Amino acid sequence: MTSFYLSKPYDPPQAPENLPLERPWALLGGISPKSFMKSYWHKRPLLVRGAIPAFELAKQMGESLNSAISPEELFKIAGKDVVESRLIKAKPWSFSDGPFKKTSIPALDLPDWTLLLQGMEARHPAAAKVLSWFRFIPDARLDDLMISIAGPGGGVGPHFDSYDVFLIQMSGRRRWRISEQKDLTLNTELPLKILQHFKAEQEWDLEPGDMLYLPPHVAHDGISLDAGCQTWSVGFRAQSYKELLQEGLWRLAESLEDIPELEKHFADPKQAATSSAEQLPEEIIRQVAQKLKDLKLDRVATFLPGIAAYLSEPKPQAFFAGPTQEYSPEEFKDSLKTQALRPHPQTRLLALGKTIYCNGEDMTSGQTASIQKAWRSLAASKQVQGNLGGAPAESSLFEAFEAGWLIF
Ligand code: SIN
Ligand code: CO
């Protein structure tokens, strides 16, 4: 392997705003995003050699290309307490949570360790760009981009995830062994989620630029073959139905606070004399059914705002600081004419029709048309710039900017 320091860092391109969904793409092994979703997504693994052709091209030209992020930069990031990081050692298995001092991370050529860094899209523009390639998959499904860096032999052991994951090899080689085995029993004696009986069915050595897509529950084991092996994993989460319904329902329950009419007490002037006093009265059942119907609580559309708000919640570790320079609402509106406003890398945006949710909150209801339009552009294109016209300077856009959710 060529040393990191003699090679050029790979500069990933930002994906075009409108990804061509029907065009074959090297990233997906020469098939279109449309065919990938139809044949592989959430169904079966796909190995892609040369998913990032730049690595092979560089090799042909006698150049050496390496990860966009150097080991030093990764170690520095591992030292921050706002970053979720884990250090895993094999033989015997052990693990610890970060932050890590540089001195507690083994040297690159020492064997059997790996360092995992979550949420890297918020820490390095190259990781954010790589993530932009996957916007043919709904944002609501996205979890984050994790980077692992390892010494030879390093890995997290044979396991399975409940996530869809694209494992992109960015530096050094990694041997991936996978199995679609039914037996997913974990070894309860280990501090990590490691399968008790892993029987590899397929095995490949991935070179820089290669990629392996795995749907949930495919058992896999990736072992680093080189010092400083880097794998970038783009992970897509899927919540349990219980989580979706509970989160949607409690937000819906909270929204009933805003309906003064519901403060009125139940009245039963029509209650007849009863011989079964222990039974819940018919009158309550009838009236509650009517209320559910009047408030459309018996329709799925009523639950969706709560679910959309929930799915737009940022990661629990997300940290937003307001702008460093103070802006009045008018100065903010003026700046927007010449500067693009973008979501902070840890901000999550989600649209439900024309309503936009940002970090768990509805940002568009009750706002003027031009503010609503700005939010729709932020959600769809991840940026907005221009004249807000007659929109009031005080708006949900300004509030989100003040909170550090949106940045210039
Ligand atoms: C790794 O990058 O080392 C582990 C990723 C995974 O197996 O999920
Ligand atoms: Co995994």
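Remember, it's a predicted structure, so these values are computed and weren't measured experimentally.

(A) Broad picture of the packing of aromatic side chains. Within the structure shown, the criterion is met by 20 aromatic pairs. Ring centres of Trp41 and Phe236 lie 5.6 Å apart, and the angle between their planes is 85°; on these two criteria the pair is classed as edge-to-face. Within this pair, whereas Trp41 is found in the loop between helix H1 (33-39) and strand E2 (46-48), its partner Phe236 is found in strand E13 (residues 229-236), the two being separated by 195 residues in sequence. In this structure, Trp41 and Phe236 share a single accessibility class: buried. Between Tyr327 and Phe408, the ring centres sit 5.9 Å apart and the planes meet at 40°, which makes this aromatic pair tilted. Taken together, the residues span a long stretch of sequence, with Tyr327 in the loop between helix H7 (300-311) and helix H8 (329-338) and Phe408 in the segment after strand E18 (406-407) at a distance of 81 residues. Given the relative accessible area of 27%, Phe408 is considered partly exposed. Ring pairing ties together the aromatic residues Trp25, Phe36, Tyr40, Trp41, Phe134, Phe136, Phe166, Tyr213 and Phe236, which thus form one cluster. A cation sits over an aromatic face here: Arg44 above Tyr40, 5.3 Å from the ring centre.

(B) Spatial organisation of the sheet that holds strand E15 (residues 349-352). In space, the three strands of this open sheet follow the order E15-E16-E17, with antiparallel pairing throughout. Two strands bound the open sheet, and with one partner strand each, they are E15 and strand E17 (361-362). Direction of pairing for E15 relative to strand E16 (residues 355-358): antiparallel, over a ladder of four bridges. Of the residues in E16, the one forming a bridge with Leu349 is Cys358. Where H7 meets the sheet, its contacts fall on E15 and E16, and the angle it forms with E15 comes to roughly 165°.

(C) Highlighting the coordination of the cobalt ion (ligand 2). Only His159 (NE2), Asp161 (OD) and His220 (NE2) from the protein reach the cobalt ion (ligand 2) as donors, at distances of 2.0 to 2.1 Å. Sequence spacing of the donor residues for the cobalt ion (ligand 2), all on one chain, is H-x1-D-x58-H. Judged by its relative accessible area of 12%, His159 is buried.

(D) Spatial organisation of H7. With 12 residues, H7 should reach 16 Å at 1.5 Å per residue; the first-to-last C-alpha distance of 16 Å fits that figure. Where H7 is concerned, the buried positions are Thr302, Gly306, Ile307, Ala308, Ala309, Tyr310 and Leu311. Its buried side turned inward, H7 meets helix H5 (241-255), E15 and E16.

(E) Region of the structure containing the domain arrangement of the protein. With domains assigned, the protein is organised as domain 1 (2-236) and domain 2 (329-407). Just the C-alpha atoms count here: the centres of domain 1 and domain 2 sit 33 Å apart. In this complex, domain 1 contributes nine residues to the contact, which on the side of domain 2 involves nine residues. On the domain 1 side of the interface with domain 2, the three residues burying the most area are Glu17, Ala122 and Arg135, jointly 52% of the side's total. Of the charged contacts, one joins Asp139 and Lys382 as a salt bridge, the two residues approaching to 3.7 Å between their closest N and O atoms. The tally of links from domain 1 across to domain 2 stands at five residue pairs in polar contact (both at pLDDT 80 or more). The residue makeup of the side of domain 1 that touches domain 2, split by class, is three nonpolar, no polar and six charged.

(F) View of the side chain of Asp112. You can see Asp112 is positioned in the loop between strand E5 (94-97) and strand E6 (113-117). Among residues more than four places away in sequence, those in contact with Asp112 are Ile88, Lys89, Ala90, Lys91, Gly151, Pro152, Gly153 and Gly154.

(G) Representation of the sheet that holds strand E10 (residues 202-206). Taken together, the three strands give an open sheet; going across it, the order is E10-E9-E12, and neighbouring strands pair in antiparallel fashion. At either end of the open sheet lies a strand with only one pairing partner, and these are E10 and strand E12 (219-224). Across the sheet, the axes of successive neighbouring strands diverge by a mean angle of 15°, strand direction being ignored. Where strand E9 (residues 174-179) and E10 come together, five bridges link them in antiparallel fashion. Its bridge partner lying in E10, Arg174 is registered against Leu206.

Conventions adopted
- Numbering of residues starts from 1 in each chain and follows the order in which that chain's sequence is written.
- Here every chain gets a letter starting at A, and every ligand a number starting at 1, in the order they are written.
- This being a predicted model, a pLDDT of at least 70 is required before a residue's local features are given, and a value of 80 or more before pairs of side-chain atoms are given or counted; all residues contribute to the totals for chains, interfaces and linings.
- Heavy atoms from the whole structure form the basis of all side-chain values; hydrogens and water molecules are not counted.
- Only Phe, Tyr and Trp rings are paired, with Trp represented by its six-membered ring, and only when their centres lie within 6.5 Å; those with planes under 30 degrees apart are stacked, over 60 edge-to-face, the remainder tilted.
- By the criteria applied, helices consist of DSSP H or I runs no shorter than four residues and strands consist of E runs no shorter than two, each listed in order from the N terminus.
- The buried label applies to any residue whose accessible area, calculated with a 1.4 Å probe on protein chains only, is under 20% of its type's maximum; exposed applies above 50%, and partly exposed to all values in between.
- Remark: a charge is flagged as sitting over a ring if the NZ atom of Lys or the CZ atom of Arg is within 6 Å of the ring centre and within 35 degrees of the ring normal.
- By this definition, two strands are paired if DSSP reports at least two bridges between them.
- Here, residues are in contact when the closest pair of their heavy atoms is within 4.5 Å.
- Each axis is a line fitted through C-alpha atoms, taken for helices only over the stretch in contact, and angles between the N-to-C directions span 0 to 180 degrees.
- Water is absent from the atoms considered, so a metal site may look incomplete; donors are defined as N, O and S atoms within 2.8 Å of the metal, or 3.2 Å for Na, K and Ca.
- What a helix is expected to span follows from its residue count: subtract one and scale by 1.5 Å.
- Annotation comment: domain bounds sourced from an automatic or database domain assignment.
- What counts as buried area is the accessible surface, traced by a 1.4 Å probe, that two parts surrender upon association, with contributions from both included.
- By salt bridge we mean one thing: a side-chain nitrogen of Lys or Arg within 4 Å of a carboxyl oxygen of Asp or Glu.
- Under the rule applied, a polar contact is a pair of N or O atoms within 3.5 Å (in protein, one hydrogen donor and one hydrogen acceptor; residues adjacent in sequence only if both atoms are side-chain atoms).
- Any residue that is not Ala, Val, Leu, Ile, Met, Phe, Trp, Tyr, Cys, Pro, Asp, Glu, Lys or Arg is counted as polar, Gly included; the first ten are nonpolar and the last four charged.

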